[in-house]
Structure formats: C-alpha cells, structure tokens
Amino acid sequence: MKRMETDVVVVGGGATGTGVIRDCALRGMACVMIEKNDLASGTTGRNHGLLHSGARYAVNDPESAAECISENRILKRIARHCVEDTGGLFVTLPDDDTEYHKRLVKGCRAVGIDYEEIDVSAALKIEPNLNSGVLTAMKVPDGTIDPFRLAASNVLDAKEHGAEIRTHTEMVRCIISGDRVVGVLCRDNLNGELFEIYSKIVINASGVWGRRICETAGVPLTMYPSKGSLVIIDYRVNNVVINCCRKPFDGDIIVPGDTVSLIGTTSKKIDYDRIEELDVDDDEIEVLLAGGEKLIPNVSRTRVLRAYSGVRPLVSRSGDVDGRDITRGIVLIDHEAENGVKGFITVTGGKLMTYRLMAEWAVDLACEKLRVDVPCTTHERPLPGSETPSNRPVPHYFDGISKSVLGSAHYRHGERMDHIFSKDKKSYGLVCECEMVTAGEVEYALKNLCVKDMIDLRRRTRLGMGPCQGELCSYRTAGLFNDLGAADEQTAIRMLKDFFEERWKGVKPVLWGDTLREIEFTYWIYQGLFGLGGVPDEDEPI
Amino acid sequence: MINLENISFDHCIKCTVCTIYCPVARVNPIYPGPKQSGPDTERLRIKNPDLLDESLKYCSNCKRCEIACPSDVRIADIIQTAKWKYSPKRFKIRDFLLSHTDLMGTLSTSAAPVVNRITGLSLTKSAMEAFLNISSKRRFPAYEPGTFRRWYGRMKSEQEAFSEKVIYYHGCYVNYNDHELGKTVVRTLNKLGVGVTLIPEKCCGVPLIANADLPGARKNARYNIQSIETAVEKTHCSVVSTSSSCTFALKHEYPGLLEIDNSAVFNKIHYITAYLSRLFAQGPVPELQPVNLTAAYHAPCHLERMGGVIHTLDLLSNIPGLKIVLMHSECCGISGTYGFKKECYDIAQDVGEELFKRIADAAPDIVITDCETCKWQIEMSTPFRTVHPIMILAQSLGVYTF
C-alpha cells in the first residue's frame, strides 16, 4: 500500500478544513488535506451565505455575536472577492411585537455592532420591494459571503504555500499506535485505491461527519445534527440582507447571493444516521415561501430555482438538545487532554462566519503540540484574488469581451481573473450563458482549483446555477472536459449525466411554474434528443 | 431597483428561438442576440448595473424576438429599458436629432426644397458622417413644403359635414414627408362615406424609445393618450393611423414599455387596414376598379408583432386585378432611425439583403408595405417604387392615380 508522510493531516474540505489547511501552510508546516467529496460540498455550501454582523445572535448568544462582528470585519478585508458588503436590515413585521427591536438595539450596543435605527420610509428607499407595512427598521453591517469561493481561495493559497490537497479522498479510519493517532487510512474515491498518510497530528475538521471520524479513533463525540432548508429565487429580489426583527424562526431571512436571492432557514432536528439524506420537505418549502412573502410580498410571483438543505454540526457540551438553543459557538477538543488520545484534535460547532477563527484556534493548538512557534497571520493576509488593499476596478483587457463577462469573472475570482482571459477567442467564449462562465474560466478552474468533475466545476464557477440549471452549458462543458484532456469520452458523458442528476435533486421539490417548464424543456433535449437516459451508470458495464 | 410587477425575463426558459429569429444577430457576430442581451443579462444588471453590455446598442427594437418567444418574455422591451435605465445619461446630438422627428420636421418643412437639396449633397453627407456619426451612405427622406395639417385646415369644414367620422393620427411622416399619403387617406375615407378629424398630437415616441430617451417618449405618450381620450369621450370616434409603428406604440408600447395606461381608448385605436377591413366586412363592399399590377408585399416587423398583417392582406384581396406576391417574413433592416447610424448602416443593409433579393426575384411592378421607414429602405436598396396599401385601395376606388 502507498504511504505518505507529513506533519499535519486535515480531514474535511469545508470552510473549516480549508481554513485549517491554509493556516497550517502559512505557518510553514507540511500538511495534507483530505475531503471525501468536493470542497464545500457539505454544510459549508448548504447555507444562506450570510456574512453575519452578529445581530442575529445579539439577543440570545452574545458570545457568538461578538465572534461574528469581529470576523465580519476581518473577512471584508481579507476576502473581498468572496464577500459582498450589501448591508442588512432588521424589520418588525406588522404582526410582531416591537419589543424585540428594543432588545436587539440593546444587544447590538452591548456587543459593539454598528447598528442604525432608521425610519420605515428610509428602509423602503433602500429596499423598495420590502413589505411597506413593517413597523420598525434598523440597519446592520450584514453582508453576503460565497462559501464556494471562500473554500476554493483558502485551498488555492494553501497549495501555493506547499500544502497538498486531495479531494474525493475519503478517510477510512485513523491509524492508531498505542495511545496516539499516527495517521489516517484513506481511499481515493475516483479509483478506489487505498493509501496511508502518516502524520504527527490529525485535525478533524469534518463538521457534522466528525462523530464518525472520532469513532475510528475510539473517542466519543455527541452531536445533535439540525437540518436547515432554504429555497433559491431566480434573481435578486432584494439587494440587502433582510431579517425579521424577532427571535430567529423558520423563513425569517432573505439574503441576496450573487445573481439570486435565498430564503432561509428552517431548523429540524434529525437523527445522526440521516445526515446524508438531506431531502427538503414540502412543509419546509411552504413555510419558507410564506415567510419570504411576509418580507417581500412579490416573492410568490417569482420563479423558485431550487431547494436544498444542510446539516448544522451542533455539539452540545451543556446538555441542551434543541436545534435553535444550542450555542453556535466554536468547539475545540484536544483529545489528548479530554480522552487521553494523543495527536488528534477536533474542531467543530461554530459556523461559516467563524471558520477562520476556528482554524486559528485549532492550528494554534497543533503548533503548541508540535512546538512550532509561528503566529497566525490569516486575519491579516488577504486571500488570493483579494490581494490589492482597495477594490480594483474591473479590468478591460481588450475589445471584444463584454462587461457582463468580465464583471462576472471578477465577482468570482477577484484579481485572479487576470489568469483567465487571453486574446484567444476561446478563452472568452461563453459556456454558461446564465452566469457568464467562459471556456477560459473552465480551463483555469480545471488547472488551479481542484476540479475533478462537472459538479466540482459548478462550485468553482456558478456554471449551471442560473435559471436554466445546466440546460445549455452542461453539454458544452462535458465537451470541454474532453477537449482539455480532463476526461475521456465515456467519462465526460457520465459526468454529464451525474451533473443533471445533481441539478435535478434540487429542482424536484419546487416543480411548478416556470421551473417545471424549464425542466421539461431540458428533459426533452437531453432525453428526447440526446438519449442521455440510456447511458449506463458508473457501476454498469458499457 | 427592479419593478417586481414587470418581470417577464423570469419566464425565459432559454430555448434561444429569439436569437435564431433575430435579424441583427444573424448578420452581426458582435451582437450576442436578444436572449443574452435581454433576459440573461437582466439578472446580472439587477445585481450590478455596471454589467450593462455595450452591445445592447445593436438591438434595433424590431421586436421579432418577441414574436418568436413562446414564453411571452418582452425581450425587446427589456433591452430598450436597460439601455435607458442602466447606462450613464450622456447627451448625444445625433440621437437627439434622429429621435425628435417632429422638431426636425417643423424646422425642415419651412424650407423644404433647400433642406432636401442640402441633405442630398455629398459634402453634407460626409460632414454628417464625420461630425454626427450619421451614415453618409443613407439616402435622407425628403421633406415637403408646409405640413399636412395646414392642408387639412382648408378641408376642415367639408369633413365636418360627414355624419360618420374617424380621428386620423397621421404621425410625423405624413405631416412632414408625405402629404400625398395623408390626402389619399382623407379622400379614400370620404369616398367610403367617412369624414376625417384631426386632434392635437405629438410624435408617437418610437424614435425616442429606440434612442434610449424613455422619459421623452413617456411625455409624448401621456400627451397623445390624453388628447385621444378627450376626443374619444366627446365624439366616440375610432382613431386610425397609417403608420404601423405609430399604431404599435399607441396600443402596445405605451402600456407595456412606457407604463402609460391607455386602457380607456385601447379598443378605439386601429391600424387603418384593420379598420377598413372591418368596414368592408360589415358591407356593403364599395365598387372597386381593377388594379392590374403585380405587387410584392413586405410585412413590417411591428405590424407582425401586433398581428396586423392579416388585415392588410384581407383588404388588398378585395381589389380585382391585383396580384400579391407575399415576401418571406423578415426585417428590412432599417428599423426606424437605426439604419441611419454610422455603426448600424452596414448591419441594416446586411439584414435587408435577403428581402431585397426576394423582391428582385418577384420582379414586381410595385412594392407594398405599411411602414414608412421600410419604404425608405426598400426604395433606397431596390429599384422599385414602394407604396402604402391605402394608395392601392385609393387607386381601385378611383380617388388616386399612379
């Protein structure tokens, strides 16, 4: 069996894992990250992408709120191309008690969140489609964050500082020697090959999957997974984050996210053995749309693109078991101190917002154990793509490229867009027409951003995430994978099929209106015209 | 901010038939076509207005995309609105001159022979191209001395004697460039026992829309609808127009694109052939003399958009001796002021080329079309005389001779 050696193995390629691997690499440690699926394919990519100001937690969980506002300021600096400083509003709905507004003001003041109480008329000026019957309004420094870009940028920086990234590589178990975890046994999910990575420390950053990782090291970890579902609206119905001013509940927030808006979020306790199932139930969709409509009345007239859900990795260390009440605080476990198992650290709990801080704490602990005396710099050092301290205008390289193409690439890759376009027409020819993804961007992602298949590519580029959900871009992309030597013909066709299955999963729960017409048309092309359904699955012989 | 009441782009299922149907995208590879310029990038412009593509200027607003769309997306409206809403407001003298047809008409008709002479000079044409970006290759429509309204003034008492009357919205073209058409409309309607009334009117706004001056177009629209409403309320007369694009604006662009409510008079406004073919259907059909001509008929895009072609063909089918050769449905290219612009002239001619060829193949005695700018384009680009269908009917009724 193949074996490798390194200082630190990081398990999990979500926000936390990619944050940890970057931090390790920046501190000069040899490190390898393994992820069983793709970057940000778990909980990281399955939330509303809210860049919290902390106001949502200011009343009930001031500790989390303080972490949020501090990380909010850091991310606006170091990850400019992953965040959008949209600003946010808290509004009291006509049927709600304005008492909560006062408590929120008090909470924000206590934590140090820069809020501003404004007139309802001023709020309507900021967001003209807002429910005009709201009773109170306040401005908070909320924003949006793209978790896919964030994870990819962290990994890109880690790679550029010597880290090794292995996606589609699953951890089978910890390798134990005496009272110490000395490495991990892995399986490459693309070819089934088993191999070992020996290391001085294993950092378990696998979120809700962390319990299984711990079990293989013989340590217990009690998790209370809570499912949160969201729906995606076809376009931006709002340009600032809109929150209901009351205790968090289902369907109380609309977040603009790149070209779409998201209505969030439900909270349902689920059994640990169901964390992979992630179906969105009809009642959740009903609740979300009804909630969204209370904030922006015309939401019901717009197309719902998809519904999806993620599982929050809630860890109860105090005995609380209800999803909304368990702290969203960071849980860092030194298993040597807690369970007598050396060389093994778990970092979990927390949230997307605090991924960097979680990584900092975990890597601080690892450094202490490895006697590495290098301080953390991730709060100062910008991510690749956001290098220049102030916002650089979108460059215009040469005539012939449209602003919509350049601007979209700039949104996604920041200054790294310089590596995408060349005068070769192919580089700026469109592949995805909804989200303006060019062949050059596909090639760049394939070379630099750990892309193994079309679903991975979607997370790096927004390919197939627009209104047509892959109708026009997917066959072109499958062709490009083949042209660029990233897949042989059979593999490219299978990728195409897998891509549609994955898109279909999110569309299925919202199958009405224009979404239904769209998917019928797509079905007609790919099944009726191309016969894609006749392509055998991976495990069937061709 | 988006108007959530008007979100037809949301219904686009990306079938791309509009782009296949777009005459500009067919000949100009720089124009990405209506799907991308309209519904696709509208989502991006809502996110960030800076993502407005310069290539939107190539849209001629012919509306053929909207004819093709199976999802009822108002593609051309989205594009025209975006040009105005998201682009920095810069005053362009060329666009001002081209779009203010009534102002230019008033100025030019007072010295028509001189103006026509000057605009015909190659020196003037070169200067207009150099300083105004108006194509020197475009032949300018000639202005007539005086206005149609002044001529009508002398006829007014005679018209008032009719018991049945219609309101004639003549538009800029008849008033400044083609009195003959206006006079023929009056004589034709009179022959059919209908008197003609004029009401105060301004340019319908089509050239303003095409040149991204939506506030200007809205102002005219408000004026016209108010004027029509006042007259209709008093007289209960129908309103007819001989310009397919003016009619399209009065009926459809006003509520759809300009958000001006015309519901009180919508059913009273008719393109003239629709009005006449109904009159004929009610009977009795007047006595019609044979017009022994082979005519190529070109359907203007805007008439197609509002489903009016059938009425013109229906009306013409009453005329004995007239042989109609129906041209394939396509754009002639000029699209109002579009074909006058330096950057669009070649596109306009490339778009029209197929039509010009088909007209030549038909070897007609005459070409018939409902739109004044189609007429300019066909007369400039082919050797055939081009007339409004009313001129043929008038000939058949004996009130006009070629």
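Residues numbered from 1 in each chain as written. Chains lettered and ligands numbered in written order. Predicted model: local features only at pLDDT ≥ 70, side-chain atom pairs only at ≥ 80, totals over all residues. Heavy atoms only, no water.

Let's talk about the overall build of chain A
Test applied: What counts as a helix is a DSSP run of H or I of at least four residues, what counts as a strand is a run of E of at least two, and both are numbered from the N terminus. C-alpha atoms define the radius of gyration, and 2.2 Å times the number of residues to the power 0.38 defines the globule rule. Surface accessibility follows the Shrake-Rupley procedure with a 1.4 Å probe radius. Residue values consider only the protein chains on display as shielding. When charges are counted, neither His nor the chain ends are considered; positive counts come from Lys and Arg and negative counts from Asp and Glu. Every charge is mapped to an atom, namely NZ of Lys, CZ of Arg, CG of Asp or CD of Glu.
Across its full length, chain A holds 16 helices and 22 strands. The globule rule puts the C-alpha radius of gyration for 542 residues at 24 Å, and the 23 Å found for chain A is close to it. Along the three orthogonal principal directions, the C-alpha set of chain A runs to about 65 × 60 × 45 Å. Counting only carbon and sulfur atoms, one obtains 49% of the accessible surface of chain A, whose full area is about 20,800 Å². Computed over 67 positive and 82 negative side-chain charges, the inter-centroid distance for chain A is 2 Å.

Here's the deal with the overall build of chain B
Heads up, the rule is: Only protein chains enter the accessibility calculation, which uses a 1.4 Å probe. A residue is then buried if its area is under 20% of the maximum for its type, exposed if over 50%, and partly exposed in between. Any two residues having at least one pair of non-hydrogen atoms within 4.5 Å are treated as being in contact.
On a plain count of helices and strands, chain B comes out with 21 helices and eight strands. Whereas a compact globule of 402 residues would reach a radius of gyration of roughly 21 Å, chain B reaches 21 Å, a difference of no more than 12%. By its C-alpha atoms, chain B is 60 × 45 × 40 Å across when sized along the principal axes. Considering chain B as a whole, with its 402 residues, one finds that 60% of them fall into the buried category. Of the contacts formed within chain B by residues at least 6 apart in sequence, a portion of 77% connects residues at least 24 apart. Surface accessibility of chain B: about 16,200 Å² in total, with carbon and sulfur atoms responsible for 54%. Charge-centre separation for chain B: the mean point of 45 positive side chains lies 4 Å from the mean point of 40 negative side chains.

Re the interface of chain B and chain A
Interfaces are often sized by the amount of accessible area the parts lose when they come together. What counts here: The term buried area denotes the loss of accessible surface (1.4 Å probe radius) that occurs when two parts are joined, taken as the sum for both partners. Take a side-chain nitrogen of Lys or Arg and a carboxyl oxygen of Asp or Glu: if they are within 4 Å of each other, that pair is a salt bridge. Identification of polar contacts relies on pairs of N or O atoms within 3.5 Å, with a donor-acceptor requirement for protein atoms, meaning one able to donate a hydrogen and the other able to accept it, and with residues adjacent in sequence counted only if both atoms are side-chain atoms. Three classes are used: nonpolar for Ala, Val, Leu, Ile, Met, Phe, Trp, Tyr, Cys and Pro, charged for Asp, Glu, Lys and Arg, and polar for all others, with Gly counted as polar.
At the interface, 28 residues of chain B touch 37 residues of chain A. Here chain B packs against chain A, burying approximately 2,800 Å² in sum over the two surfaces, 52% of which is carbon and sulfur. If you look at where chain B meets chain A, you find five salt bridges. Our enumeration of links across chain B and chain A arrives at 12 residue pairs in polar contact (both at pLDDT 80 or more). Across the side of chain B that touches chain A, the residue classes break down as 13 nonpolar, six polar and nine charged.

What to know about the sheet that holds strand β5 (residues 294-298) of chain B
Residue and element names in this part refer to chain B. Keep this limit in mind: Pairs of strands are assigned from DSSP output, requiring at least two bridges between the strands.
Across the sheet, four strands lie side by side as β6-β5-β7-β8; this open sheet has parallel pairing. At either margin of the open sheet sits one strand with a lone partner, and together these are β6 (323-326) and β8 (386-387). One ladder, built from two bridges, connects strand β7 (residues 366-369) with β8; its direction is parallel. Within the sheet, the bridge partner assigned to Ile368 lies in β8 and is Val387.

Concerning the sheet that holds strand β4 (residues 83-84) of chain A
Residue and element names in this part refer to chain A. The strand order β3-β8-β4 describes an open sheet built from three strands, whose pairing is antiparallel. In the strand order of this sheet, the two ends are held by β3 (50-51) and β4, each with one partner. Sheet topology places β4 next to strand β8 (residues 143-145); two bridges connect them, and they run antiparallel. Bridge pairing in β8 places Glu84 opposite Thr144.

Here we look at the pattern of salt bridges
The tally for this structure, following the rule as stated, stands at 65 salt bridges over all chains. Asp157(A) is the salt-bridge partner of Arg22(A), the closest N and O atoms lying 2.8 Å from each other. Here Asp157(A) lies in helix α5 (residues 147-160) and Arg22(A) lies in helix α1 (residues 15-26), a separation of 135 residues in the sequence. In this structure, Asp346(B) engages Lys137(B) in a salt bridge whose closest nitrogen and oxygen atoms are separated by 3.1 Å. In this pair, Asp346(B) sits in helix α19 (residues 342-362) while Lys137(B) sits in the loop between α9 (122-132) and α10 (148-160), placing the two residues 209 residues apart along the sequence. Accessibility expressed as a relative area gives 43% for Asp346(B), which makes it partly exposed.

Here's the deal with the domain arrangement of chain A
Residue and element names in this part refer to chain A. For the record, the criterion: All the domain ranges listed were derived from an automatic or database domain assignment.
Annotation of chain A at the domain level lists domain 1 (2-43 + 148-222 + 328-370), domain 2 (83-143 + 226-312) and domain 3 (403-534). For domain 1 versus domain 3, the separation of C-alpha centres amounts to 30 Å. Across the contact, 15 residues belong to domain 1 and 14 residues belong to domain 3. Interface of domain 1 and domain 3: buried area, both sides summed, is about 1,300 Å²; carbon and sulfur atoms make up 54% of it. Remark: the boundary between domain 1 and domain 3 carries three salt bridges. Among the ionic pairs, Arg459 bridges to Asp38, the shortest N-O distance being 2.8 Å. One can count six residue pairs in polar contact (both at pLDDT 80 or more) joining domain 1 with domain 3. When the residues that make up the side of domain 1 that touches domain 3 are grouped by side-chain class, the tally is eight nonpolar, three polar and four charged.

As for the environment of Leu190(A)
Residue and element names in this part refer to chain A. Residue position: Leu190 is located in the loop between β11 (180-188) and β12 (194-204). Take Leu190: its relative accessible area is 51%, and that puts it in the exposed class. Dropping the residues within four chain positions of it, Leu190 is found in contact with His168 and Lys452.

A few points about the packing of aromatic side chains
By convention here, two paired aromatic rings are described through the distance between centres and the angle between planes. The condition that has to hold: Each Phe, Tyr or Trp ring (for Trp, its six-membered ring) is paired with any other whose centre lies within 6.5 Å, and the angle between the two planes then decides the class: stacked below 30 degrees, edge-to-face above 60, tilted in between.
Under the counting rule described, the total for this entry stands at 15 aromatic pairs over all chains. With 5.5 Å between their ring centres and 50° between their planes, Phe91(B) and Phe96(B) make a pair best called tilted. Ring geometry for Phe340(B) versus Trp376(B): centroids 6.1 Å apart, planes at 90°, classification edge-to-face. Of this pair, Phe340(B) sits in the loop between β6 and α19 while Trp376(B) sits in helix α20 (residues 372-381), and the two are 36 residues apart along the sequence. Among the aromatic residues, those joined into a ring-pair cluster are Tyr475(A), Phe499(A), Phe500(A), Tyr526(A) and Phe530(A).

Looking at the domain arrangement of chain B
Residue and element names in this part refer to chain B. When cut into domains, chain B gives domain 1 (8-85) and domain 2 (287-397). At the junction of the two partners, domain 1 supplies 16 residues and domain 2 supplies 13 residues. It is Val27, Arg64 and Ile67 that lose the most area in domain 1 upon contact with domain 2, and together they represent 34% of the buried surface on that side. Taken together, domain 1 and domain 2 are joined by two salt bridges. Linking domain 1 with domain 2 are five residue pairs in polar contact (both at pLDDT 80 or more), by the criterion used here. Residue assignment for the side of domain 1 that touches domain 2 shows that the elements contributing at least two residues are α2 (23-27) and α4 (64-68). Classifying every residue of the side of domain 1 that touches domain 2 by side-chain character gives eight nonpolar, three polar and five charged.

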